[in-house]
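Take a look at the letters that make up each chain.
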Amino acid sequence: MSKRHNASSPFFVWELSVMPYQIKNLVGLAARGGLKIILERPKLAALIGAIAAEWGDIDNLLADIFNFVSLSQPIPIGAHSRSGLAHAIFDNLVAFPIRIEVIASVMKLRMTLEIQDEFFALAQQIRRKAGERNDLIHARWHICDKYPDDLIQIENGEWIRYTEKDLVDRLNRSAQMTLCVSDFSIKVAHAPKLDIQ
């Protein structure tokens, strides 16, 4: 495990070298799938659920950031204010990339260049890491007797095997991203806003 710091970003991101494995020799392997097959690997199913929950938290934190950027005044330390209008708008933006773009657009009007730059760096990391979430949440899972502790994803004719370590590493990266977004949301909540001309 190595910690990498992007010079253009104040946020640390954990980069872990563990990746799922492509199964190249399929001779004699039989994978079983189905809607509930993942429940035959309860530890891995729980890890996928935890990763989904982390990304749900990231989504809620992005809604908070949109709310904080939309408010006219900084929020006092320790206070939490929600604008019904801001949340009504943000909650109807379904696609994740659109949510990021809407925050960026409003941020250009309301926040200093320093805060904008931090958000753009953070948004780049979120976009990059969101693919890891999508790989798991939108997967069609299978199991195979040869790999009794693993889950298998079959996509485009390739068999990809996920171990518990693969999923733990992804959960750790998701949790680290949640902390980065949370720290930034607090910063935005208390930052002065620019007047809209």
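Details of the structure are given in the entry above.
Fair warning: this is a prediction, and the values are worked out from it, not measured in the lab.

S.K.: Describe the pattern of salt bridges, listing the residues and the values that go with them.
M.R.: Working definition: two side chains of opposite charge can pair if their charged atoms are close together. Within the structure shown, the criterion is met by nine salt bridges. Note that Lys 165 and Asp 169 form a salt bridge whose closest N and O atoms lie 3.7 Å from each other. Remark: Asp 169 and Lys 165 occur in helix H5 (residues 164-190); sequence separation between them is four residues, near one turn of the helix.

S.K.: Give me the sheet that holds strand S7 (residues 158-162): which residues, what numbers.
M.R.: Judged by pairing direction, the sheet is antiparallel, and its five strands sit side by side in the order S3-S7-S6-S5-S4 without closing on themselves. Sheet topology places strand S3 (21-23) and strand S4 (31-33) at the edges, where each strand pairs with a single neighbour. Pairs of neighbouring strands in the sheet enclose a mean axial angle of 40°, with direction left out of account. Across three bridges, the pairing between S4 and strand S5 (residues 141-144) is antiparallel. When the sheet's bridge partners are listed, Gly 33 is paired in S5 with His 142.

S.K.: Any details on the pairing of strand S6 (residues 147-155)? Residues and values, ideally.
M.R.: With three bridges connecting them, S5 and S6 associate as antiparallel partners. Opposite Trp 141, over in S6, you have Gln 153 as the bridge partner. Counted along the chain from S5 to the antiparallel partner S6, the turn is two residues long. What sits between S6 and S7 in their antiparallel hairpin is a turn of two residues, with Asn 156 showing a positive phi close to 50°.

S.K.: Can you break down the nonpolar core residue by residue, with the values?
M.R.: Nonpolar side chains in soluble globular proteins tend to be buried together. By size, the foremost hydrophobic cluster in this structure holds 45 residues, and its most contacted members are Leu 62, Met 107, Phe 119, Trp 141 and Val 181. Beyond its immediate stretch of four places on either side in the chain, Trp 141 contacts Arg 32, Gly 33, Gly 34, Ile 37, Ile 38, Ile 48, Leu 136, Leu 151, Ile 152, Gln 153 and Tyr 162.

S.K.: Outline the packing of aromatic side chains, supporting the account with residue identities and numerical values.
M.R.: Taken as a whole, this structure holds three aromatic pairs when the rule is applied. Ring centres of Trp 141 and Tyr 162 lie 5.2 Å apart, and the angle between their planes is 85°; this geometry places the pair in the edge-to-face category. With Trp 141 in strand S5 and Tyr 162 in strand S7, this pair connects stretches of sequence that are 21 residues apart. Among the residues examined, Tyr 162 registers a relative accessible area of 3% and is labelled buried.

Thresholds applied
- Residues numbered from 1 in each chain as written.
- Predicted model: local features only at pLDDT ≥ 70, side-chain atom pairs only at ≥ 80, totals over all residues.
- Heavy atoms only, no water.
- Salt bridge = Lys/Arg side-chain N within 4 Å of Asp/Glu carboxyl O.
- Helix = DSSP H or I, 4+ residues; strand = E, 2+ residues; numbered from the N terminus.
- Pairing = 2+ DSSP bridges.
- Axes fitted to C-alpha atoms, helices over the stretch in contact; angles between N-to-C directions.
- Core = buried A, V, L, I, M, F, W, Y, C linked by side-chain atoms within 4.5 Å.
- Buried < 20%, exposed > 50% of the residue type's maximum accessible area, 1.4 Å probe, protein only.
- Contact = heavy atoms within 4.5 Å.
- Phe/Tyr/Trp six-rings, centres within 6.5 Å; stacked < 30°, edge-to-face > 60°.

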